[in-house]
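# Chains, contacts and geometry: an overview
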Amino acid sequence: MSAPAYDLVIRGGTVATASDVFPADIGIRGERIAAIGEALPAGAHEIGAAGRLVLPGGVDAHAHIEQLSAAGIMNADTWESATGSAALGGTTSVIAFAAQHVGADLAQVVSDYAALAAKGSLVDYAFHLIVSDPTEKCLRTDLPALLGGGHGSVKAFMTYDRLRLEDEQVLDLMVAAKAGGGLVCVHAENHGMIAWMGKRLVEHGHLAPRFHAASHPRGSEAEAFDRLVAMAALVDQPVMIFHVSTREGVAAVRRARGAGHKVYAETCPQYLFLTAADLDKPGLEGAKWMCSPPPRSRDDQEALWQGLALGDLQLVSSDHAPYAFDATGKLSAGPEPSFKQIANGLPGLEWRLPLLFDATVSGGRLGLSRFVELTATAPARIYNLPGKGSVAIGADADLCIWDPDRVVTLTDAAVHDRAGYTPYAGRTLRGWPTVVLRRGEVIVEDGALVAGPGSGRFLPRNGGEAARPTGRLGPEASLVLGP
Ligand code: DUC
Ligand code: ZN
Ligand code: ZN
């Protein structure tokens, strides 16, 4: 008897890519997709997918994992708990952060984060390198080596004490990233406006979590976007704008892209599904919904959906930043903190895909192919993760089988990360991932993890096409840069 044609066949499902939806079997050999077609020959193993959708595993390009905040507060998750929760929600690749704090050696920081991920990750992973101390050594020695050694992006903060860079430093980082072919990702908000508002709100006795939203005036976003784009244009460096939250922010991105700047932008479920009203809860409860930028309004949600529909925003990431609602996390400053003393961040790796599936596919907002594009294909393409984010012959067999009719009500008890709560408790979603494969191996079956920590793999990458400059240097900068 001849050997089976495939190690595994996923049979009888409906396959969806960013461009097509069609019935097909998928034949897997080793870690890769070997065939896509009807009535494929038998595999050594088979998974029946009749009545199911077979989609690429999700790619979450913005997750804070086992990361120390600048205020010294540790994320609730380990790599194992964060990526286990990611896998249970259908995500098979993440890009997390290696976060340099002031005074730290970037090369050492990256090596420390890489060791944690190698030990714990259940999904494949890469890093954005947070630069908060752009010393000569950092920019001239460490960064070139890291960008050349498999790290394709850096991240800068324009706000947050002890993390933020001044505009001049942002320009230095852009030039260094450009030399190394890396993409620059930015948390862009006007620091002065936020600091000014925060201080005065506290002086006026406005301490509750709901005032966090007011402390990030909506204009602080678009102003920072415009300034960032002007800097990027001066030195001809492509940029990714993280977590767009406002209508004006979407408009700023649209303007920049329309003017031919190489600007990318993401939004996150918290801006599509939550509003500032979610922070308005008795006592400190609203802290659970505190992230930066804050959730905004229904009108902003509509503008973000429009931005996704029109392509101004290319992807949806989680910005997973879990802090437990106790003294280890949100309440680390004591039992009665002001909003300024509460860690910013929401858990979100696990249910990014089900939340988006429910809205875009079950709710009919953008449809199945756009769901795949926004949550898997675009992040893999923009961040240059070859073999990820698509169902294609030769691609990694990172697949998620969905039951499009399964209805699930989200609860705090059901979440698998270590924040201990979900900001989406009580919502009922239609559509759920049932089986998840990472490089041909089943890692989730019937809602249970069947992979071990450390089985995820580092994804070396460079900045790729997204990071390639346009060749149009700002005329003033051409006097000081280039040949
Ligand atoms: N905002 C950030 O910029 N990072 C992590 C979490 C958050 O809310
Ligand atoms: Zn941010
Ligand atoms: Zn973030």
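For the structure, see preceding data.
Note that this is a predicted model, so its numbers are computed, not measured.

### Re the overall build of the chain
Counting its secondary structure elements, the chain contains twelve helices and 17 strands. Computed over the C-alpha atoms, the radius of gyration of the chain is 22 Å, within 12% of the 23 Å expected from 2.2 N^0.38 for a compact globule of 483 residues. Overall, the C-alpha framework of the chain stretches about 75 × 60 × 40 Å when taken along its three principal axes. Counting across all 483 residues of the chain, residues that qualify as buried make up 58%. Counting contacts in the chain only where the partners sit at least 6 residues apart, residues at least 24 apart contribute 78% of the total. Put simply, the chain shows about 17600 Å² of open surface, and 54% of that area lies on carbon and sulfur atoms. Placing the 42 positive and 53 negative side-chain charges of the chain at their respective mean positions leaves the two points 2 Å apart.

### Overview of the site of ligand 1
Every residue lining ligand 1 is accounted for by His64, Phe157, Tyr160, His187, His243, Cys291, Ser292, Asp319, Ala321, Asn344 and Gly345. Within the backbone of Ser292, a nitrogen or oxygen atom sits 2.8 Å from an oxygen atom of ligand 1. When ligand 1 sits alone it has 240 Å² of accessible area, and the protein chains cover 94% of it.

### Comments concerning the pattern of salt bridges
In the structure shown here, the tally under the stated rule is 30 salt bridges. A salt bridge links Arg227 to Asp167; the shortest N-O distance between them is 2.8 Å. A residue pair is termed long-range when its members are at least 10 positions apart, and Arg227 in helix 7 (residues 219-235) and Asp167 in helix 4 (residues 167-180) qualify at 60 residues. Classification of Arg227 by relative accessible area gives partly exposed; the value is 23%. Residue classification places Asp167 among the partly exposed residues on the basis of a relative accessible area of 28%. Lys281 is the partner of Asp278 in a salt bridge, and the nearest nitrogen-oxygen pair spans 3.9 Å. Here the salt bridges share partners, and the residues they tie into one network are Glu31, Arg32, Asp124, Lys388, Asp396, Asp398, Arg439 and Arg457.

### Focus on the coordination of the zinc ion (ligand 2)
Coordination of the zinc ion (ligand 2) by the protein comes from His187 (ND1) and His243 (NE2), over a distance range of 2.1 Å. The zinc ion (ligand 3) is placed at 3.6 Å from the zinc ion (ligand 2). Of this pair, His187 sits in strand 10 (residues 183-187) while His243 sits in the loop between strand 11 (239-241) and helix 8 (247-258), placing them 56 residues apart in sequence. With relative accessibility at 2%, the residue His187 sits in the buried group.

### Regarding the coordination of the zinc ion (ligand 3)
Those protein atoms acting as donors to the zinc ion (ligand 3) are His62 (NE2), His64 (NE2) and Asp319 (OD), and they sit at 2.0 to 2.2 Å. Every donor residue of the zinc ion (ligand 3) comes from the same chain, spaced as H-x1-H-x254-D. For His64, a relative accessible area of 9% corresponds to the buried category.

### Side note on the side chain of Ser93
With respect to the element layout, Ser93 can be found in strand 7 (residues 91-99). Taking the relative accessible area as the measure of exposure, Ser93 reaches 1% and is therefore buried. Not counting residues within four places of it along the chain, the set of residues in contact with Ser93 comprises Gly58, Val59, Asp60, Val123, Asp124, Lys388, Asp398 and Leu459.

### Some details on the packing of aromatic side chains
Aromatic ring pairs are reported here in terms of the distance separating the ring centres and the angle at which the planes meet. Applying the stated criterion across every chain yields a total of eleven aromatic pairs. Considering the side-chain rings of Phe97 and Phe242, the 6.1 Å spacing of their centres and the 90° angle between planes classify their relative orientation as edge-to-face. Separated by 145 residues along the polypeptide, Phe97 in strand 7 and Phe242 in the loop between strand 11 and helix 8 bring together distant segments of the chain. Considered together, Phe97 and Phe242 belong to a single accessibility category, that of buried residues.

### Re the environment of Ile401
With respect to the secondary-structure elements, Ile401 resides in strand 14 (residues 399-409). As a C-alpha pair, Ile401 and Gly90 span 311 residues in sequence and 8.3 Å in three-dimensional space.

### A look at the state of the cysteines
In this structure the tally under the stated criterion is zero disulfides. A disulfide-free cysteine, Cys291 has its sulfur positioned 8.0 Å from the sulfur of Cys268, the nearest such atom. The thiol sulfur of Cys400 is not disulfide-bonded, and the nearest other cysteine sulfur, from Cys268, lies at 20 Å. A residue is classified by how much of its surface remains accessible, and Cys400, at 0% relative accessible area, is buried.

### Observations regarding the side chain of Gln314
Assignment of secondary structure puts Gln314 in the loop between helix 10 (298-310) and strand 13 (315-316). Within polar-contact distance, the side chain of Gln314 engages the backbone nitrogen of Ala265 at 2.7 Å. Among the polar contacts made by the side chain of Gln314, one reaches the main-chain carbonyl oxygen of Gly311 at a distance of 2.8 Å. Setting aside chain neighbours within four positions, we find Gln314 in contact with Arg257, Tyr264, Ala265, Leu374, Ala378 and Ile382.

### What about helix 10?
Over its 13 residues, helix 10 runs 18 Å from end to end, which matches the ideal 18 Å to within 8%, given 1.5 Å per residue. Among the residues making up helix 10, those that are buried are Asp300, Gln301, Ala303, Leu304, Trp305, Gly307 and Leu308. Where helix 10 ends, the next residue or the one after it, Gly311, has phi of about 90°, a positive value.

The rules behind these values
Residues numbered from 1 in each chain as written. Chains lettered and ligands numbered in written order. Predicted model: local features only at pLDDT ≥ 70, side-chain atom pairs only at ≥ 80, totals over all residues. Heavy atoms only, no water. Helix = DSSP H or I, 4+ residues; strand = E, 2+ residues; numbered from the N terminus. Rg over C-alpha atoms; globule rule 2.2 N^0.38 Å. Buried < 20%, exposed > 50% of the residue type's maximum accessible area, 1.4 Å probe, protein only. Contact = heavy atoms within 4.5 Å. Areas by Shrake-Rupley, 256 points an atom, 1.4 Å probe, with all protein chains shown as cover. Lys, Arg positive; Asp, Glu negative; His and termini not counted. Charge placed at Lys NZ, Arg CZ, Asp CG, Glu CD. Near = heavy atom within 4 Å. Polar contact = N/O pair within 3.5 Å; in protein donor to acceptor, adjacent residues only side chain to side chain. Salt bridge = Lys/Arg side-chain N within 4 Å of Asp/Glu carboxyl O. Donors = N, O, S within 2.8 Å, 3.2 Å for Na, K, Ca; no water. Phe/Tyr/Trp six-rings, centres within 6.5 Å; stacked < 30°, edge-to-face > 60°. Disulfide = S-S within 2.5 Å. Expected span 1.5 Å × (residues − 1).

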